[in-house]
Amino acid sequence: MVPGPDTLERQHEHRDVIIVGAGLSGIGAAHYLQTRCPTKTFNILEARDEIGGTWDLFRYPGVRSDSDMYTLGYSFRPWRQEKSITEGPSILRYIRDTATNWGIDQKIRFAHRVTRAEWSCADAQWTVEAQVGPDEKPIRYTCGFLYVCSGYYDYDGGYLPGWPGMDRFQGKMVHPQHWPEPLDYEGRRVVIIGSGATAVTLAPAMAAKASHVTMLQRSPTYIVALPAQDAIANGLHQWLPANLAHRLARWKNVLIGMFFYNLARLSPERTKRQILQAVQTELGPDYDVAKHFTPTYNPWDQRLCLIPDADLFQAIRLGRVSVVTDEIETFTETGLRLRSGEELKADIIVTATGLKVKLLGGIQIAVDGIPVDLSETLLYKGMMFSNVPNLACAIGYTNASWTLKCELTSAYICRLLNYMDAYGYAWCVPRRQDGLAEEPAITLTSGYIQRAASLLPKQGLRKPWRLYQNYALDMAALSFGRLADGTMEFGRSDARHRNS
């Protein structure tokens, strides 16, 4: 969808709330706003031309969720398909249908890339600057509250290490974030560089047509196989109303996920042993699981990879996928030469080497003309930044479904907005206390997090500045906790007093 000719005439338009991003979390945020704050005006500014965010961007073979759809989907819209771990196109349709069914699609302004937002203390409002369309024409909006739902990675490009000899390779090299359509890999030799969620998804999917797929990894990742269909959830849907069945399936999966995460943190060696035993059972007693599937870190130091119906293991058993654990010495004309001296021949090399983090979609934030360095802020309740008024961002869990935390955040923001209206407040800001100890907000040891450590905000060592990565604790705090908690400061605007 392309902006209409009247787009640039709306330069002085004001909204109570502006949401940035029309992906999974942005559409959910809009639903909460229009149902819980029905008097609030809002628009969604979306940089791309379509709804869907991540699920519209990623189009590589086999793209799918690594969380079940009873928790990745919305609590207010039951997931009705048989597969709970499902393909990307199904998730994309689900998001778009949600936007259409609730009229949210009418509030979206496409091809609006937000570049800068400045808060005015005197006016108690944000001025939001965006670039519109391929010509990047400037446009400006104002709003009382800014809610950024753009995720935390760079949509423009993924991470690509600079290996020696890359320009020598005579075949095709692609990054999953920019998958070319169409890419003919039937009967071709494919090497996928990586061991994360994208690599373990691509390998079995491409193996269905390729002559052979090699997954080349520098180090292994923990991989857990689960059925694509949730038999209990499907049974509940046969006997119970859709909304009740969805809620029960959602809570079942939330509690199971919390149990196994906590077990992994309390008993890492036991959990590690159980994961590796399951892999050995899948691949047979002679497979070298110690070399190819045993990481050097404990479970949940990095996010686990989930594969539905053990599809990767099945492809390995059938001889269609091989796993090689080694480092790249150099690219060659025909493939790769490894540190061990082994040569990997390839017609196509897929660099599934991870993401680049870009918090708030790269929006430059300022308060009264002074730029805000987000790396020097603390995250308040996992959503707001210390000393930055009326700004929130949707950041999901690292150990569970993204949507679980984003929905709690959206519901909390609605509570906050209604509270401010009830007491005549125009702004709120979490104030950082002196002497508060801090640590990284995201403690995963994953490469994409470590590369961005200097860019990310911090967390405190006690609430409300600490992220617990626990849905039950967050539900209690965000749904029922006090809004005026002694850390959040509220105030009225000078402009409101002048105009009254």
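Being a predicted model, the structure only gives us computed values, none of them experimental.

Remarks on the overall build of the chain
Within the chain one finds 14 helices and 25 strands. In summary, the chain has a C-alpha radius of gyration of 24 Å against a globular reference of 23 Å for 500 residues, a match within 12%. Expressed as lengths along the three principal axes of its C-alpha atoms, the size of the chain is roughly 80 × 50 × 50 Å. Considering only contacts within the chain whose residues lie at least 6 apart along the sequence, 72% involve residues at least 24 apart. For the chain, the exposed area adds up to about 22200 Å²; of that, 51% sits on carbon and sulfur atoms.

Things to note about the side chain of serine 67
Structurally, serine 67 can be placed in the loop between α2 (54-57) and α3 (69-72). What makes serine 67 buried here is its relative accessible area of 9%. One polar contact links serine 67 to arginine 303, side chain to side chain, over a distance of 3.3 Å. If we skip the residues at most four places from it in the chain, serine 67 touches Leu72, Ser84, Arg303, Ala400 and Ser401.

Quick look at the environment of lysine 291
As for its placement among the helices and strands, lysine 291 is situated in helix α9 (residues 289-292). By relative accessible area, lysine 291 is classed as partly exposed at 44%. Each C-alpha atom of the pair lysine 291 and proline 78 lies 42 Å from the other, and the pair is 213 residues apart in sequence. Excluding its chain neighbours within four sequence positions, the residues that come into contact with lysine 291 are Pro220 and Thr325.

Brief notes about the sheet that holds strand β16 (residues 348-351)
What links the strands of a sheet is backbone hydrogen bonding, and the strands pair in either a parallel or an antiparallel sense. With parallel pairing, the 5 strands of this open sheet are ordered in space as β7-β16-β8-β9-β12. Looking at which strands have only one partner, the edges of the open sheet turn out to be β7 (172-174) and β12 (321-325). Strand after strand, the sheet turns through a mean of 20 degrees between neighbouring axes, direction not considered.

Overview of the side chain of glutamate 46
Position of glutamate 46 among the secondary structure elements: in the loop between β2 (42-45) and α2. Setting aside anything within four residues of it in sequence, one finds glutamate 46 in contact with Gly21, Ala22, Gly23, Ile108, Arg109, Phe110, Ala111 and His112.

A word on the environment of glycine 73
Examined against the element boundaries, glycine 73 turns out to sit in the loop between α3 and α4 (88-101). With 331 residues separating them along the chain, glycine 73 and leucine 404 place their C-alpha atoms 8.6 Å apart. Discounting residues that sit within four places of it in the chain, glycine 73 has contacts with Tyr94, Arg250 and Thr403.

Some details on the packing of helix α7 (residues 242-266) against helix α13 (residues 471-480)
Packing of α7 against α13 brings their axes to within 10 Å, and their N-to-C directions diverge by 120 degrees. On α13, the residues touching Arg250, Trp251, Val254 and Met258 of α7 are Tyr471, Ala472 and Met475. Residues of the contact of α7 with α13, tallied by class, amount to 6 nonpolar, no polar and 1 charged.

Observations regarding the nonpolar core
Counting 135 residues, the largest nonpolar core has Ile19, Ile27, Trp126, Leu146, Ile192 and Leu416 as its most contacted members. Of the residues forming this core, the biggest block, 11 residues, is contributed by helix α11 (residues 402-423). Ranked by size, the runner-up nonpolar core spans 13 residues in total, among them Val324, Ile328, Phe331 and Leu338.

Details of α11
An ideal rise of 1.5 Å per residue puts 32 Å on 22 residues; α11 measures up with 32 Å between its terminal C-alpha atoms. Along α11, 16 of the 22 residues are buried, which leaves the element largely enclosed by surrounding structure. With a side-chain oxygen lying 3.2 Å from the backbone nitrogen of threonine 403, the N-terminal cap of α11 falls on serine 401. Following α11 by one or two positions, glycine 424 adopts a phi angle in the positive range, close to 75 degrees.

Some thoughts on the packing of aromatic side chains
All told, the structure shown has 21 aromatic pairs when counted by the stated rule. Seen from their ring centres, tyrosine 74 and tyrosine 94 are 5.6 Å apart, and the 20 degrees between their planes marks the pair as stacked. Taken together, the residues tyrosine 74 in the loop between α3 and α4 and tyrosine 94 in helix α4 connect sequence positions 20 residues apart. Assigned by exposure class, tyrosine 74 and tyrosine 94 land together as buried. These aromatic residues form a ring-pair network of at least three members: Tyr32, Tyr74, Phe76, Trp79, Tyr94 and Trp102. Over the face of the ring belonging to phenylalanine 42 we find lysine 107, whose NZ or CZ atom lies 4.3 Å from the ring centre.

Some details on the pairing of strand β9 (residues 212-217)
With 5 of its 6 residues buried, β9 lies for the most part within the structure. Here strand β8 (residues 189-193) pairs with β9 via 5 bridges, running parallel. Its bridge partner being in β9, valine 190 is matched across the sheet by valine 213. Assessed by its sense of winding, the connection that carries the chain from β8 through helix α5 (residues 197-207) to β9 is right-handed. Examined bridge by bridge, β9 and β12 share 5 bridges and lie parallel to one another. For valine 213, the partnering residue across the bridge sits in β12 and is valine 321.

Calculation rules
Residues numbered from 1 in each chain as written. Predicted model: local features only at pLDDT ≥ 70, side-chain atom pairs only at ≥ 80, totals over all residues. Heavy atoms only, no water. Helix = DSSP H or I, 4+ residues; strand = E, 2+ residues; numbered from the N terminus. Rg over C-alpha atoms; globule rule 2.2 N^0.38 Å. Contact = heavy atoms within 4.5 Å. Areas by Shrake-Rupley, 256 points an atom, 1.4 Å probe, with all protein chains shown as cover. Buried < 20%, exposed > 50% of the residue type's maximum accessible area, 1.4 Å probe, protein only. Polar contact = N/O pair within 3.5 Å; in protein donor to acceptor, adjacent residues only side chain to side chain. Pairing = 2+ DSSP bridges. Axes fitted to C-alpha atoms, helices over the stretch in contact; angles between N-to-C directions. Nonpolar A, V, L, I, M, F, W, Y, C, P; charged D, E, K, R; others polar. Core = buried A, V, L, I, M, F, W, Y, C linked by side-chain atoms within 4.5 Å. Expected span 1.5 Å × (residues − 1). Phe/Tyr/Trp six-rings, centres within 6.5 Å; stacked < 30°, edge-to-face > 60°. Lys NZ or Arg CZ within 6 Å of the ring centre and 35° of its normal. Right-handed = clockwise from strand over helix to strand, strands pointing away.

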